[in-house]
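What follows is the residue order along each chain.
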Amino acid sequence: MERKIFTAILFAGALIATSAVAIDNNGPVDKALAAGVIGEQADGYLGFVRPPTAAQADLQRRINEINIRRRGVFNDAAQVNGETEDRVALLSALRQITKIPNGEYFQDTTKTWCMKSPDSQVMQTADDVVVIRCAPAKKSN
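Bear in mind the structure is a predicted one, so any value in this text is a computation, not a measurement.

Trainee: Pulling in residues and values, what's your account of the overall build of the protein chain?
Mentor: A count of helical and extended segments in the protein chain gives four helices and six strands. Counting from the amino terminus, the protein chain carries its helices and strands in the arrangement α-α-β-β-α-α-β-β-β-β. Every one of the 141 residues in the protein chain was classed for burial, and the buried ones make up 42%. Look at the contacts in the protein chain between residues 6 or more apart in sequence, and 55% of them connect residues 24 or more apart. When the accessible area of the protein chain is evaluated, it comes to approximately 8,000 Å², of which 56% is carbon and sulfur surface.

Shown next, in the form of structure tokens:
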């Protein structure tokens, strides 16, 4: 129980700071997220769904800046809370992916890009395992 409370506190603190870093006020990053050009990754960072083109150099620069700030937040939160940076980043990814609307892209823990849907599996289990998975494939009749 104490572990879950600790994780929740760590998670909330890291995400309050991270969400401020990710907001672009309807600028190029937010527009690229909504258009499916970029998405949230299971490692806590933003990434391109498909390799960026030369015309997307400015967007790539903005994403790099956001990811550098996120790394700083993850590192600071990890040091303060005695966690690893990767664990803080994973918890941040869980929160960010949980918040994105259906139809936006995210990368699961197998590095597969998919569109978020009601069937996507994004959760933290009772035994503190983070699950970030694309929706299961539909069986055709």
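Read on, since the account is not over.
Trainee: I'd like a rundown of the state of the cysteines, residues and numbers included.
Mentor: In total, this model carries one disulfide according to the counting rule given. The partner cysteine of Cys114 in its disulfide is Cys134, sulfur to sulfur 2.1 Å. Across the S-S bond of Cys114 and Cys134 the torsion is about -90°, and the bridge reads as left-handed. You can see Cys114 sitting in strand β4 (residues 113-115) and its partner Cys134 sitting in the segment after β6 (130-133), a full 20 residues away along the chain. Its relative accessible area of 15% is what places Cys134 among the buried residues.

Trainee: An account of the environment of Trp113 is needed here, citing residue identities and associated values.
Mentor: Structurally, Trp113 is set in strand β4. Sequence-distant contacts of Trp113, defined by excluding residues within four places in its chain, comprise Gly39, Glu40, Gln41, Gly47, Phe48, Val49, Tyr105, Phe106, Gln107 and Cys134.

Trainee: Which residues make up the sheet that holds strand β3 (residues 105-107), and what values go with them?
Mentor: Strand order in the open sheet made by the four strands is β2-β1-β3-β4, with mixed pairing throughout. The sheet is open, and its two edges are formed by β2 (46-48) and β4, each paired on a single side. When strand polarity is set aside, the average angle formed by the axes of neighbouring strands in this sheet is 40°. As defined by bridge partners, strand β1 (residues 38-41) adjoins β2 across three bridges and the pair is classed as antiparallel.

Trainee: Please give an account of the packing of aromatic side chains that cites residues and values.
Mentor: If you walk through the whole model with that rule in mind, you get one aromatic pair. Where Tyr45 meets Phe74, the ring centres are 5.3 Å apart and the plane angle is 70°; that geometry is what we call edge-to-face. In this pair, Tyr45 sits in the loop between β1 and β2 while Phe74 sits in helix α3 (residues 57-81), placing the two residues 29 residues apart along the sequence.

Trainee: Let's hear about the pattern of salt bridges: which residues, and what values?
Mentor: Evaluation of the coordinates by the stated rule reveals six salt bridges. One salt bridge connects Asp58 with Arg61, and the closest N-O pair in it is separated by 2.6 Å. Taken together, the positions of Asp58 and Arg61, both in helix α3 and three residues apart, correspond to about one turn of that helix. On the basis of relative accessible area, Asp58 is assigned to the partly exposed category, the value being 37%. Salt-bridge contacts for Asp58 lead to Arg62; the nearest nitrogen and oxygen are separated by 3.0 Å. Of the two residues, Asp58 and Arg62 are both situated in helix α3; the distance of four residues between them amounts to about one turn of the helix. Residue Arg62 is classed as partly exposed on the basis of its relative accessible area, which comes to 28%.

Thresholds applied
Residues numbered from 1 in each chain as written. Predicted model: local features only at pLDDT ≥ 70, side-chain atom pairs only at ≥ 80, totals over all residues. Heavy atoms only, no water. Helix = DSSP H or I, 4+ residues; strand = E, 2+ residues; numbered from the N terminus. Buried < 20%, exposed > 50% of the residue type's maximum accessible area, 1.4 Å probe, protein only. Contact = heavy atoms within 4.5 Å. Areas by Shrake-Rupley, 256 points an atom, 1.4 Å probe, with all protein chains shown as cover. Disulfide = S-S within 2.5 Å. Pairing = 2+ DSSP bridges. Axes fitted to C-alpha atoms, helices over the stretch in contact; angles between N-to-C directions. Phe/Tyr/Trp six-rings, centres within 6.5 Å; stacked < 30°, edge-to-face > 60°. Salt bridge = Lys/Arg side-chain N within 4 Å of Asp/Glu carboxyl O.

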